[in-house]
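Structural overview
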There are 2 protein chains.
Amino acid sequence: MPAPVRLIVFDVNETLSDMSPLRARFEEVGTPGYLAETWFAGVLRDGLALTAAGGYASFQAVAEAGLRALLPGLDGWHGDLDHAVARILDGFGDLGVHPDIPDGMRQLHAAGLRLATLTNGSATTAERLLSRAGILDRFEAVLDVAAVRAWKPAAAAYRYATEWLSADPAETLQVAVHPWDIDGARRAGLQAAWLRRASPAYPHVMTAPTHTAQDLRELAGMLTS
Amino acid sequence: MPAPVRLIVFDVNETLSDMSPLRARFEEVGTPGYLAETWFAGVLRDGLALTAAGGYASFQAVAEAGLRALLPGLDGWHGDLDHAVARILDGFGDLGVHPDIPDGMRQLHAAGLRLATLTNGSATTAERLLSRAGILDRFEAVLDVAAVRAWKPAAAAYRYATEWLSADPAETLQVAVHPWDIDGARRAGLQAAWLRRASPAYPHVMTAPTHTAQDLRELAGMLTS
């Protein structure tokens, strides 16, 4: 019997934000749209590599370095690298949330649950995202991993959030679309909810979630019924 | 003044092997060839996430889980998932080495340098690759990270190789095309050579290499002149 959930900590990139408009930014600077996914997987690979090796760089720095390594190597691409990097990175500031997020968040907040975010990206960008969606005032804290200099899924990142919020990890629910985030939260002693969205299956190499839902509306229903 | 190099430890995937034929495998099962890069970046992301969280799964297991999560989510793809996964993973067993590798390796071996490999993949697959290239007998050891249950760039992985080979890390040179592998080796106290190949620039977020060369022929010239 798991402990009751009192605090919910949300991942931000892709879990709250819809990153699909970044494809258009890649196309706008003259590269194929699918590069958005290759690049984002590479940013996580590089940031997690640094964490695994005991190092740290900000999401912004890793993301920029990734673009500067990726774009000039493309067959036939002769764009302006500085312009392309700026256009793509600025795209993070324009993203919106998935349609299920505002309703789900209001329902969880109305039920008296504590809400926070924890991102490998920047807390400032996350605050702007939540503000544009009209739900920033529901959040007790908007955190990023800069203070602890270790990216999720390192245990130190989750511990930083629960300690900052004086919460019991066993009563804290990490919510993410990324199985590696679920896996890390579970290993750090938290409960963890996987939002499936378009994913066909949860990978068996990762620790299983304690909750699985199609989207945040469904998860809010499960937690408040 | 760095210590003299006595042992050289090679990364395998992409550093020795030419992985471009995997694109054709993706196309053969009815998916776009560019997915090979997105998938491989995701395999490293997931394996490194497990390492950062204190967990472990084999390259083979992470690679298979990645395909099972990626392929069914593709717009309009209705292939046979088991068949597609098998065809793509079997592709690793058919790769060849880059054209500069055999000559460079023979030159390094002839100069009396100790040679080994260390891969996040499987040592068996690496042995077959080196055997097909006719250079397996130049290697003192063909290692993978299974014994230490931590993927490179965790320090434990490099330490495992130098301890297994009774080598001084300061006299050991890690060779890779991946900046995150260079960064990890440097943090673990090794020297590290970056083979540029098609890369436009070394990312500033990663610890710099001690040696940079276009390919293994050029590196061999630098080390044996």
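Residues numbered from 1 in each chain as written. Chains lettered and ligands numbered in written order. Predicted model: local features only at pLDDT ≥ 70, side-chain atom pairs only at ≥ 80, totals over all residues. Heavy atoms only, no water.

Residues and elements named next belong to chain A. Here the domain parsing of chain A yields domain 1 (7-18 + 95-224) and domain 2 (21-94). The gap between the C-alpha centroids of domain 1 and domain 2 is 24 Å. Listed as interface residues are 18 residues of domain 1 and, on the opposing side, 18 residues of domain 2. The junction of domain 1 with domain 2 conceals about 1500 Å² of combined surface from both sides, 69% of it contributed by carbon and sulfur atoms. For domain 1, the biggest contributors to the area lost against domain 2 are Leu95, Arg149 and Trp151; these three give 51% of the whole. Along the contact surface separating domain 1 from domain 2 lie 0 salt bridges. In this assembly, domain 1 and domain 2 are joined by 3 residue pairs in polar contact (both at pLDDT 80 or more). In the side of domain 1 that touches domain 2, the residues fall into 8 nonpolar, 5 polar and 5 charged. (Domains from an automatic or database assignment. Contact = heavy atoms within 4.5 Å. Buried area = accessible area lost by both parts, 1.4 Å probe. Salt bridge = Lys/Arg side-chain N within 4 Å of Asp/Glu carboxyl O. Polar contact = N/O pair within 3.5 Å; in protein donor to acceptor, adjacent residues only side chain to side chain. Nonpolar A, V, L, I, M, F, W, Y, C, P; charged D, E, K, R; others polar.)

Attention shifts here to the sheet that holds strand β5 (residues 141-144) of chain B. All names here are of chain B. Within the open sheet, the 6 strands sit side by side as β5-β4-β1-β6-β7-β8. Their pairing is parallel. What marks the edges here is a single partner per strand, and that holds for β5 and β8 (211-213). Ignoring strand direction, the axes of neighbouring strands in this sheet form an average angle of 25 degrees. Sheet topology note: the strand β4 (residues 114-119)/β5 ladder contains 4 bridges and is parallel. Paired with Ala116 across the bridge in β5 is Ala141. Packed on one face of the sheet, helix α9 (residues 216-224) meets β1 (7-10), β6 (172-176), β7 (191-195) and β8 and runs near 135 degrees to β8. (Pairing = 2+ DSSP bridges. Helix = DSSP H or I, 4+ residues; strand = E, 2+ residues; numbered from the N terminus. Axes fitted to C-alpha atoms, helices over the stretch in contact; angles between N-to-C directions.)

The two copies are related by a screw motion: chain B maps onto chain A through a turn of 180 degrees and a shift of 0.0 Å along the axis, at an RMSD of 0.0 Å. In short, the pair behaves as if placed about a two-fold rotation axis. Taken together, the interface assignments show that 100% of the residues at the interface of chain B recur at the interface of chain A, consistent with an identical surface on both copies. (Least-squares fit on C-alpha atoms with pLDDT ≥ 70 in both.)

Another point: the pairing of β5(B). Along β5(B), one buried face is formed by B:Ala141 and B:Leu143 and the opposite face, lined by B:Val142 and B:Asp144, is buried too. Between the parallel pair β4(B) and β5(B), the chain is carried across by helix α6 (residues 123-132) of chain B, and the sense of this crossover is right-handed. (Buried < 20%, exposed > 50% of the residue type's maximum accessible area, 1.4 Å probe, protein only. Right-handed = clockwise from strand over helix to strand, strands pointing away.)

The next subject is the packing of aromatic side chains. The description of an aromatic ring pair rests on the distance of the ring centres and on the angle between the ring planes. Residue and element names in this part refer to chain A. Taken as a whole and judged by the stated rule, the model has 15 aromatic pairs over all chains. With 6.3 Å between their ring centres and 75 degrees between their planes, Phe10 and Phe139 make a pair best called edge-to-face. One end of the pair, Phe10, is in strand β1 (residues 7-10); the other, Phe139, is in the loop between α6 (123-132) and β5 (141-144), with 129 residues separating them in the sequence. Under the relative-accessibility criterion, Phe10 is labelled buried at 0%. Relative accessible area serves as the criterion here: at 10%, Phe139 is assigned to the buried category. Ring pairing ties together the aromatic residues Phe26, Trp39, Phe40, Phe59, Phe92 and Trp151, which thus form one cluster. (Phe/Tyr/Trp six-rings, centres within 6.5 Å; stacked < 30°, edge-to-face > 60°.)

This part covers the interface of chain B and chain A. Across the boundary between the two partners, chain B contributes 37 residues, which contact 37 residues of chain A. Note on chain B versus chain A: buried area summed over both sides is about 2800 Å², and carbon and sulfur give 77% of it. Where chain B touches chain A, the interface holds 0 salt bridges. Residue assignment for the side of chain B that touches chain A shows that the elements contributing at least two residues are α2 (35-52), α3 (59-70) and α8 (179-187) of chain B. Here the element with the most residues in the side of chain B that touches chain A is α2(B); it accounts for 12 residues. Here the residues of the side of chain B that touches chain A are counted per class, giving 23 nonpolar, 8 polar and 6 charged.

As a further point, take the sheet that holds strand β8 (residues 211-213) of chain A. Residues and elements named next belong to chain A. In space, the 6 strands of this open sheet follow the order β5-β4-β1-β6-β7-β8, with parallel pairing throughout. If you trace the sheet from one side to the other, it starts and ends with β5 and β8, each paired once. Sheet twist, expressed as the average angle between the axes of neighbouring strands with direction ignored, equals 25 degrees. Here 4 bridges tie β1 to strand β4 (residues 114-119), and the two strands are oriented parallel to one another. Its bridge partner lying in β4, Val9 is registered against Ala116. In this fold helix α9 (residues 216-224) packs onto β1, β6 (172-176), β7 (191-195) and β8, with an angle of close to 135 degrees to the strand it touches most, β8.

Further remarks concern the packing of α3(B) against helix α4 (residues 81-90) of chain B. Residue and element names in this part refer to chain B. Closest axis-to-axis distance for the α3/α4 pair is 10 Å, and the angle between their directions is 135 degrees. Taken as axis vectors, α3 and α4 run oblique relative to one another. Between α3 and α4 lies a crossing of right-handed hand. For the pair α3 and α4, contact is made by Gln60, Ala63, Glu64, Leu67 and Arg68 and by Leu81, Asp82, Val85, Ile88 and Leu89, respectively. The residue inventory of the contact of α3 with α4, partitioned by class, reads 6 nonpolar, 1 polar and 3 charged. (Parallel < 35°, antiparallel > 145°, perpendicular 65-115°, else oblique. Left-handed = near helix turned anticlockwise from the far one by under 90°.)

Okay, the pattern of salt bridges next. Inspection of the entire model under this criterion finds 30 salt bridges over all chains. In this structure, the salt-bridge partner of A:Arg25 is A:Asp94, at a minimum N-O distance of 2.8 Å. Of this pair, A:Arg25 sits in helix α1 (residues 21-28) while A:Asp94 sits in the loop between α4 (81-90) and β3 (96-97), and the two are 69 residues apart along the sequence. For A:Asp94, a relative accessible area of 56% corresponds to the exposed category. The salt bridge partner of B:Asp181 is B:Lys152, with a shortest N-O separation of 3.0 Å. Of this pair, B:Asp181 sits in helix α8 while B:Lys152 sits in the loop between β5 and α7 (155-164); the two residues are 29 residues apart in sequence, bridging distant segments of the chain. A relative accessible area of 0% means that B:Asp181 is categorised as buried.

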